[in-house]
Amino acid sequence: FTALAILLSVATRSSAIGIGLPVVIGLLMQLVAFVDGPEQGRRLLLTYAFGGWHGLLFEPLYFGPLIHGTAVSVIYLVGCLLIAYRFLQRREIGR
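Described below are features of the structure shown in this document.

This next bit is on helix 4 (residues 64-90). Each full turn of the α-helix corresponds to 3.6 residues, which orients residues three or four apart in the same direction. For helix 4, spanning 27 residues, the distance from its first C-alpha to its last is 40 Å, which sits close to the expected 39 Å at 1.5 Å a residue. Those residues of helix 4 that sit buried are Gly-69, Val-72, Cys-80 and Ala-84.

Here you go:
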């Protein structure tokens, strides 16, 4: 969610939106995760990774949800930071 906050802050030029909107988006993602919908849709949410650690407590151990959640988080991280970087490149800062 930090990369999403950076993206929103850079895109809107407002630190308040960079703080508040990711919280709202996170709550909406949790709501979508609780609603009975397609599993593939829920697996693409950032909040899916929060439950992935449960596989470490069972016998036999399973790492599938943890690895999948980490991969989704890395995709969100790289995507948001690349878009924020492109926004910053287009601005005239210090000129």
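Between helix 1 (residues 2-12) and helix 2 (residues 15-34), the shortest axis-to-axis distance is 8 Å and the interhelical angle comes to 135°. Regarding the angle of helix 1 to helix 2, the classification is oblique. Helix-helix and strand crossings are classified by hand; for helix 1 and helix 2 the assignment is right-handed. Mapping the contact onto sequence places Leu-4, Ala-5, Leu-8, Ser-9 and Thr-12 in helix 1 and Ser-15, Ile-17, Gly-18, Leu-21, Pro-22 and Ile-25 in helix 2. Among the residues making up the contact of helix 1 with helix 2, the classes are represented as seven nonpolar, four polar and no charged.

Another aspect to go through is the packing of aromatic side chains. The full count for this structure, using the stated rule, is one aromatic pair. On the numbers, 6.1 Å between centres and 20° between planes, the contact of Phe-58 with Tyr-62 is stacked. The class for Phe-58 is partly exposed, based on a relative accessible area of 45%. Looking at Tyr-62, the relative accessible area reads 39%, which means it is partly exposed.

Criteria and thresholds
- Per chain, residues are indexed from 1 in the order of the written sequence.
- Only residues with pLDDT of 70 or above have their local features reported here, since the model is predicted, and side-chain atom pairs are shown and tallied only from 80 upward, although totals for entire chains, interfaces and linings are computed over all residues.
- Side-chain metrics rest on all non-hydrogen atoms present in the structure, leaving aside hydrogens and water.
- Only DSSP runs of H or I reaching four residues or more are called helices, and only runs of E reaching two or more are called strands; each is numbered from the N terminus.
- How far a helix is expected to stretch is found by multiplying one less than its residue total by 1.5 Å.
- Burial classes follow relative accessibility: with a 1.4 Å probe on protein chains only, a residue under 20% of its type's maximum area counts as buried, one over 50% as exposed, and anything between as partly exposed.
- The axes used here are C-alpha line fits, helices contributing only the stretch in contact, and every angle between their N-to-C directions lies in the interval 0 to 180 degrees.
- Angles below 35 degrees are treated as roughly parallel, those above 145 as roughly antiparallel, those between 65 and 115 as roughly perpendicular, and all remaining angles as oblique.
- A clockwise turn of the near helix away from the far one marks a right-handed crossing, whereas an anticlockwise turn of less than a right angle marks a left-handed crossing.
- By the convention used here, residues are in contact when the closest approach between their heavy atoms is within 4.5 Å.
- Amino acids are sorted into nonpolar (Ala, Val, Leu, Ile, Met, Phe, Trp, Tyr, Cys and Pro), charged (Asp, Glu, Lys and Arg) and polar (every other residue, Gly among them).
- Centre distance within 6.5 Å is the pairing criterion for rings of Phe, Tyr and Trp, where only the six-membered ring of Trp is used; planes under 30 degrees apart are then read as stacked, over 60 as edge-to-face, and the remainder as tilted.

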